[in-house]
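# Breakdown of the fold
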Amino acid sequence: MKVLMVCLGNICRSPMAEGILRKKSIEKGLSIEVDSCGTASYHVGKAPDQRSIEKSKEYGIDISMLRARQFSYQDFQNFDSILVMDRDNFRDVQNLAKTESEKNKVRLILNVSHETKEKNVPDPYYGGSQGFETVYQLLDKSLDTFIITHFDAK
Ligand code: 4NP
C-alpha cells in the first residue's frame with residue numbers, strides 16, 4: 001500500500017506524519033510505502049522545520065533527510081491513499097482530482113479515527129513548541145487507527 005501525507009508547506013506536519021507511519025510500518029512488519037508533500041511550493045527542496053525534526057527525534061524518528069516537494073497530479077496515480085492535514089489541504093487536493101476514484105483517495109487524516117472531534121491537524125508553523133507536541137500526538141493516535149483499520153494489526 002502506498003500512502004501520501006499532505007500539508008501546506010511539507011516542512012512541519014506531513015514530514016512528521018511520514019516519519020511516524022514509516023516507523024510503525026517497520027515495527028509491525030507491514031508493507032506500506034510512505035511519502036509526503038505540500039500543496040504550496042514555498043519550501044520545495046528544504047529539510048523539515050527544525051522543530052519537527054527535534055520533536056520526531058524525541059520519539060526516536062529521524063526525518064532530517066526528507067526534502068519538501070509539491071503535490072502533483074501524478075500523485076493520484078502513484079498513491080492508494082492521500083491523507084491531508086486540514087480542510088484547506090483537502091479542498092486544494094480534491095480540486096485537482098479529475099475522477100471520482102481520484103477524489104475518493106483523499107481523506108482528512110483525523111477522520112480515520114472517529115473519536116477525534118478536531119478534524120484539522122493545527123498548523124504549528126507560527127506557534128511555539130507545544131504546537132508540535134500536539135501535532136505529534138494527534139498524528140500518532142490517528143495513524144494507529146489507520147493501521148488497525150487497514151491491516152488489522154495492533
Ligand atoms: P506545514 O506548515 O504545512 O505543516 O508544513 C507550514 C509551513 C510553512 C508555512 C505554513 C505552514 N508557511 O506559510 O511558510
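Provided above is the structure to which this section pertains.
Per chain, residues are indexed from 1 in the order of the written sequence. In keeping with the model being predicted, local features are shown solely for residues with a pLDDT of at least 70 and side-chain atom pairs are shown and tallied solely at 80 or more, while totals for entire chains, interfaces and linings include all residues. In computing side-chain values, all of the structure's heavy atoms are included and hydrogens and water are not.

### Quick word on the packing of aromatic side chains
Side-chain rings of Phe, Tyr and Trp, where Trp is taken by its six-membered ring, are said to pair if the distance between their centres is within 6.5 Å; with planes under 30 degrees apart they count as stacked, over 60 as edge-to-face, and otherwise as tilted. Taken as a whole and judged by the stated rule, the model has 4 aromatic pairs. For the pair Tyr125 and Tyr126, a centre-to-centre distance of 4.8 Å together with 75° between the ring planes defines the contact as edge-to-face. On the basis of relative accessibility, which here comes to 30%, the residue Tyr125 falls in the partly exposed class. Aromatic rings pair up to connect Phe71, Tyr73 and Phe76 into one cluster. A 1.4 Å probe rolled over the protein chains alone gives each residue an accessible area, and that area as a share of the maximum for its type sets the label: buried under 20%, exposed over 50%, partly exposed in between.

### Section: the environment of Ser81
Its location among the elements puts Ser81 in strand E3 (residues 81-84). Note on Ser81: relative accessible area 6%, which makes it buried. In sequence terms Ser81 and Lys105 are 24 residues apart; their C-alpha atoms lie 5.0 Å from each other. Residue contacts are defined here by distance: any two heavy atoms, one from each residue, within 4.5 Å place the two residues in contact. Beyond its immediate chain neighbours, meaning those up to four positions away, Ser81 contacts Met1, Lys2, Val3, Leu4, Lys105, Arg107 and Phe146. Put simply, DSSP marks the helices as runs of H or I at least four residues long and the strands as runs of E at least two long, and each gets a number from the N terminus on.

### With respect to the packing of helix H2 (residues 50-58) against helix H6 (residues 130-151)
Every axis corresponds to a line fitted to the C-alpha atoms, with the helix fit spanning only the stretch in contact, and the corresponding angles, defined between N-to-C directions, vary from 0 to 180 degrees. The N-to-C vectors of H2 and H6 enclose an angle of 55°; their axes lie 10 Å apart at closest approach. Relative to H6, the element H2 lies oblique. Crossing hand, H2 versus H6: right-handed. Contact residues: H2 offers Arg51, Ser52, Lys55 and Glu58, while H6 offers Phe132, Glu133 and Tyr136. An angle below 35 degrees is read as roughly parallel, one above 145 as roughly antiparallel, one from 65 to 115 as roughly perpendicular, and any other as oblique. The handedness criterion is simple: a crossing whose near helix is rotated anticlockwise from the far helix by less than a right angle is left-handed, and one whose near helix is rotated clockwise is right-handed.

### So, the pattern of salt bridges
Salt bridge, as applied in this entry: a Lys or Arg side-chain nitrogen positioned within 4 Å of an Asp or Glu carboxyl oxygen. Summed over all chains, the structure comprises 13 salt bridges. One salt bridge connects Glu58 with Lys55, and the closest N-O pair in it is separated by 3.2 Å. Of this pair, Glu58 and Lys55 both sit in helix H2, separated by 3 residues, roughly a single helical turn. Taking relative accessible area as the criterion, Glu58 reaches 56% and is therefore assigned exposed. Each of Lys24, Asp140 and Asp144 takes part in a single network of salt bridges with overlapping partners.

### Side note on the site of the ligand
One heavy atom within 4 Å of a molecule or strand is enough for the residue carrying it to be called near that molecule or strand. Around the ligand, the structure places Cys7, Leu8, Gly9, Asn10, Ile11, Cys12, Arg13, Tyr42, His43, Asp123, Tyr125 and Tyr126. Distance and chemistry together define a polar contact, namely a pair of N or O atoms within 3.5 Å, with one atom able to donate a hydrogen and the other to accept it when in protein, and with adjacent residues in sequence counting only for side-chain atoms on both sides. Contact between the ligand and Leu8: an oxygen atom at 2.9 Å from a main-chain N or O atom of the residue. Within the backbone of Ile11, a nitrogen or oxygen atom sits 3.0 Å from an oxygen atom of the ligand. Three classes are used: nonpolar for Ala, Val, Leu, Ile, Met, Phe, Trp, Tyr, Cys and Pro, charged for Asp, Glu, Lys and Arg, and polar for all others, with Gly counted as polar. Class assignment of the residues belonging to the shell around the ligand gives a composition of 7 nonpolar, 3 polar and 2 charged.

Purely spatial values, then, with no claim about function.
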